[in-house]
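Examination of the molecular architecture
Residues per chain are reported as follows:
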Amino acid sequence: MRLLLVGDLHGTDKTPEHRVDNYAKAWMDKFAWILKTYAKEKCEGMIQPGDFFDSPNTSYAFFEQTVRMINQSGAKILTVYGQHDLRYRTKTNCSLTALSASCPALILGKEGSRHKVKDTVFHFSGWEESIPKPSLKTFNILIIHKMIVDTKLWSGQEDFEYGESFLDKHRFDLIVSGDNHQTFIVEKEGRYLINCGSMMRSSIKQIHHKPVLFIFDTKDRRLQKIEIPALSFDTVFRLEEAVKTKERNEKLETFIQGLTYHKDIGLSFTENLFSYMKNNGVEESIQNLFRRMMDERYSK
């Protein structure tokens, strides 16, 4: 059975900060290319591990076009709920639920459900759902939306599992995970955990990310990686502005950490604030504005 594997799609017509292109068109172009690849590679199913949409209330126009594309392609898509698909952590009145009702070939896995095709069984685990056990004497595939990593995404990251230990603990033949927007693969004795990463680049942090999909054949367990066509990062992002924003955020984070540290040696928030502004060249007029605001606050 030939399967096409993709990552988080985050479908939306809202353009992320610092992107300069038509984001909705870019999303539709990439998704159309994936559907054409599905047909070209003669796949029998597409696995999408949650966060199909970027929010539970996608615009009508974007939703309608997505439905039309899926139904015209004839692609069989198996997916689960990601946290972005949920409305206040519930599955009612959200775009992905409506998509499953609008596309007969789309299978939206519920907690505890299974879908069997010949000798292959698909198991489903959406955001914060329980993880099932593999079936006996079949090829078992787990589709899961959970933060699984090969390395920490940042030094202080918590609430995640490492891919290698997850594959050891859950004895599926193939695990396709979503939520982590980076691409990585773990393979042990012919069993795979594949995290494709996001289809789109929506953040300055993804400057080195290359969107990909995988073709997996359950018969011979052969894996093929295919890059999804994408323009260069500096073509679709205001790179200089994004870098400046990143630098400002890093300075602000350092400043906040400094406030916590200096609190122990008796420096006040106000003193730290004005010391920071002075040392970082903040205009005198801005400093005076802050002084007036602080005076007004503490004089009440």
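Before going into details, it helps to say that this report is about the structure given with it. (Residues numbered from 1 in each chain as written. Predicted model: local features only at pLDDT ≥ 70, side-chain atom pairs only at ≥ 80, totals over all residues. Heavy atoms only, no water.)

Some words on the nonpolar core
Membership of the largest hydrophobic core comes to 37 residues, with the highest contact counts inside it found for Leu4, Trp27, Phe31, Phe52 and Leu99. Where this core is concerned, the elements lending two or more residues are α1 (23–40), α2 (60–73), α3 (95–102), β4 (106–108) and β13 (212–217). By residue number, the principal contributor to this core is α1, which donates nine residues. The residues contacting phenylalanine 52, other than those within four sequence positions of it, are Leu9, His10, Gly11, Trp27, Phe31, Thr66, Ile70, Asp85, Leu96 and Leu99. The next biggest cluster of nonpolar side chains, apart from the first, holds 20 residues, and it includes Val117, Ile141, Phe214 and Phe216. (Core = buried A, V, L, I, M, F, W, Y, C linked by side-chain atoms within 4.5 Å. Buried < 20%, exposed > 50% of the residue type's maximum accessible area, 1.4 Å probe, protein only. Helix = DSSP H or I, 4+ residues; strand = E, 2+ residues; numbered from the N terminus. Contact = heavy atoms within 4.5 Å.)

Quick notes on the layout of surface pockets
Roughly 570 Å³ of internal volume is contained in the largest pocket. If you go around the largest pocket, you meet 13 residues; those closest to its centre are Leu153, His181, Ser203, Lys205 and Gln206. Looking at the lining of the largest pocket residue by residue, the classes come out as three nonpolar, eight polar and two charged. (1 Å grid on protein atoms, 1.4 Å probe; cavity = no way out; pocket = protein on both sides within 12 Å on 5 of 7 lines; lining within 4 Å. Points joined across faces, edges and corners; volume = space filled by probe spheres on them. Nonpolar A, V, L, I, M, F, W, Y, C, P; charged D, E, K, R; others polar.)

With respect to the packing of aromatic side chains
Scanning the model with the defined rule gives nine aromatic pairs in all. Ring centres of phenylalanine 31 and phenylalanine 52 lie 5.9 Å apart, and the angle between their planes is 80 degrees; this geometry places the pair in the edge-to-face category. Of this pair, phenylalanine 31 sits in helix α1 while phenylalanine 52 sits in the loop between β2 (45–48) and α2, and the two are 21 residues apart along the sequence. Across the pair, exposure class does not vary: phenylalanine 31 and phenylalanine 52 are buried alike. Taking 4.3 Å as the distance between ring centres and 5 degrees as the angle between the ring planes, the aromatic pair formed by phenylalanine 233 and phenylalanine 237 counts as stacked. A single burial state applies to phenylalanine 233 and to phenylalanine 237, both of which are buried. (Phe/Tyr/Trp six-rings, centres within 6.5 Å; stacked < 30°, edge-to-face > 60°.)

Any link to function would need more than the numbers given here.
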